Amino acid sequence: MKRTFFVSPEEKGGRIDVTISRTFPELSRSHVQKLLKSEAVLVNGQPVKANYKTLEGDCVELNVPEPAELEIQAESMDLDILYEDRDVILINKPKGMVVHPAPGHYSGTLVNGLMYHCRDELSAINGVHRPGIVHRIDKDTTGVLIVCKNDTAHSSIARQLKDHTINRRYQAVVHGVIKEEEGTVDAPIGRNPGDRKKMCVNEKNGRRAVTHYRVLERFGQFTYIECRLETGRTHQIRVHMASIHHPVLGDSVYGPERCPFKLQGQTLHAGVLGFVHPRTGEYMECRSPLPQYFQDLLTKLRNM
């Protein structure tokens, strides 16, 4: 799909990727940057880089490819839907469910279920394997996840995530007793140079990451906390809590290999997600109750 526009006096001097995403709000900035890298964007007939500064009157041409045909199969499954309208759907994701298809997980994912439930009503911005997915939570993390049904909603939620205005609160049980009532971990997160499958606090190549936490309850050797994400890096809470010597209980990747309880992965739950609705402009908040395994664990800890 070809799109053309001319840079206005008000837009001159801005980065080309920013100018394009403002002109076409249904295109996320990351999507625009991919188009620029593939030379699908021409300015005055020539490809440019994302940091190109626009000039008044520049002729900008975009060749936006049509979404590729999906090869992922729609699957009927019981989705725990917390809220749904014509723009967004909020899902209570269970433990053990992968969000989108990836090598080794091409069926049974949340996307497979969404494709069956929503049919063709999912945003296409993130590509054929991740329709509607604007953010994700780990396979063994439970809780609320927002999915977008159209590109305009996707761009709005993606922008809120980028601007750190979405309210995301998690509950977790961590090793050790945290002495202070609350605190903040402000440490960049990047790939672990020794193991590319893992993340770590990486001062050299990491991206800024901020996690605010507060104590909800203390036990003999563990602490029940709430974490509020200011940023949303991969494995952020798990990496940050491990970095201050309080890894999430059950997390064998960033914590002890052996767990004193029979758990399937980390004890981490996305309990609250608040955002400005992309159509109404009003703030709304969705809550997910603690799953039964988490409630049972808290009961055991209180009785120890």
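Rules used in this analysis
Residues numbered from 1 in each chain as written. Predicted model: local features only at pLDDT ≥ 70, side-chain atom pairs only at ≥ 80, totals over all residues. Heavy atoms only, no water. Phe/Tyr/Trp six-rings, centres within 6.5 Å; stacked < 30°, edge-to-face > 60°. Lys NZ or Arg CZ within 6 Å of the ring centre and 35° of its normal. Pairing = 2+ DSSP bridges. Helix = DSSP H or I, 4+ residues; strand = E, 2+ residues; numbered from the N terminus. Core = buried A, V, L, I, M, F, W, Y, C linked by side-chain atoms within 4.5 Å. Buried < 20%, exposed > 50% of the residue type's maximum accessible area, 1.4 Å probe, protein only. Contact = heavy atoms within 4.5 Å.

## A few points about the packing of aromatic side chains
No. 1: One pass over the structure, following the stated rule, counts four aromatic pairs.
No. 2: A ring pair is formed by Y293 and F294, whose centres lie 5.8 Å apart and whose planes are at 50 degrees; its orientation type is tilted.
No. 3: Three or more aromatic residues link up through ring pairs in this structure, and these residues are Y224, Y293 and F294.
No. 4: One Lys or Arg, R119, reaches over the ring of Y116 and ends 4.6 Å from the middle of that ring.

## Some details on the pairing of strand β11 (residues 195–201)
Working note: regular strand, side chains alternate between the two faces of the sheet.
No. 1: Where strand β10 (residues 189–192) and β11 come together, four bridges link them in antiparallel fashion. Of the residues in β11, the one forming a bridge with N192 is D195.
No. 2: In textbook terms, the turn of a hairpin is the stretch between consecutive antiparallel strands, and for β10 and β11 this stretch comprises two residues.

## Observations concerning the nonpolar core
If you look at soluble globular proteins, the nonpolar side chains tend to sit buried side by side.
No. 1: Within the largest apolar cluster, 32 residues are counted, with the highest numbers of intra-cluster contacts made by L110, L114, I225, I237 and M241.
No. 2: Looking at this core, the elements that each hand over two or more residues are β6 (88–93), α3 (110–118), β7 (142–148), β8 (167–175), β12 (210–218), β13 (222–229), α5 (236–243) and β14 (268–276).
No. 3: The leading source of residues in this core is α3, at five residues.
No. 4: Residues within four places of M241 in sequence aside, it is in contact with V174, I178, Y213, I225, C227, H246 and P247.
No. 5: Counting 16 residues, the second largest nonpolar core, distinct from the first, contains V7, I16, F24 and A40.

## A few points about the environment of Q171
No. 1: Here Q171 is to be found in strand β8.
No. 2: Its relative accessible area of 11% is what places Q171 among the buried residues.
No. 3: Along the sequence, Q171 and R228 sit 57 residues apart, while their C-alpha atoms lie 9.1 Å from each other.

## A closer look at unusual backbone geometry
No. 1: Of note in the backbone geometry, R119 takes a positive phi value of approximately 60 degrees without being a glycine.
No. 2: The exposed category is assigned to R119, whose relative accessible area is 54%.
No. 3: The phi torsion at H235 lies on the positive side, around 60 degrees, for a residue other than glycine.
No. 4: Inspection of the secondary structure assignment puts H235 in the loop between β13 and α5.

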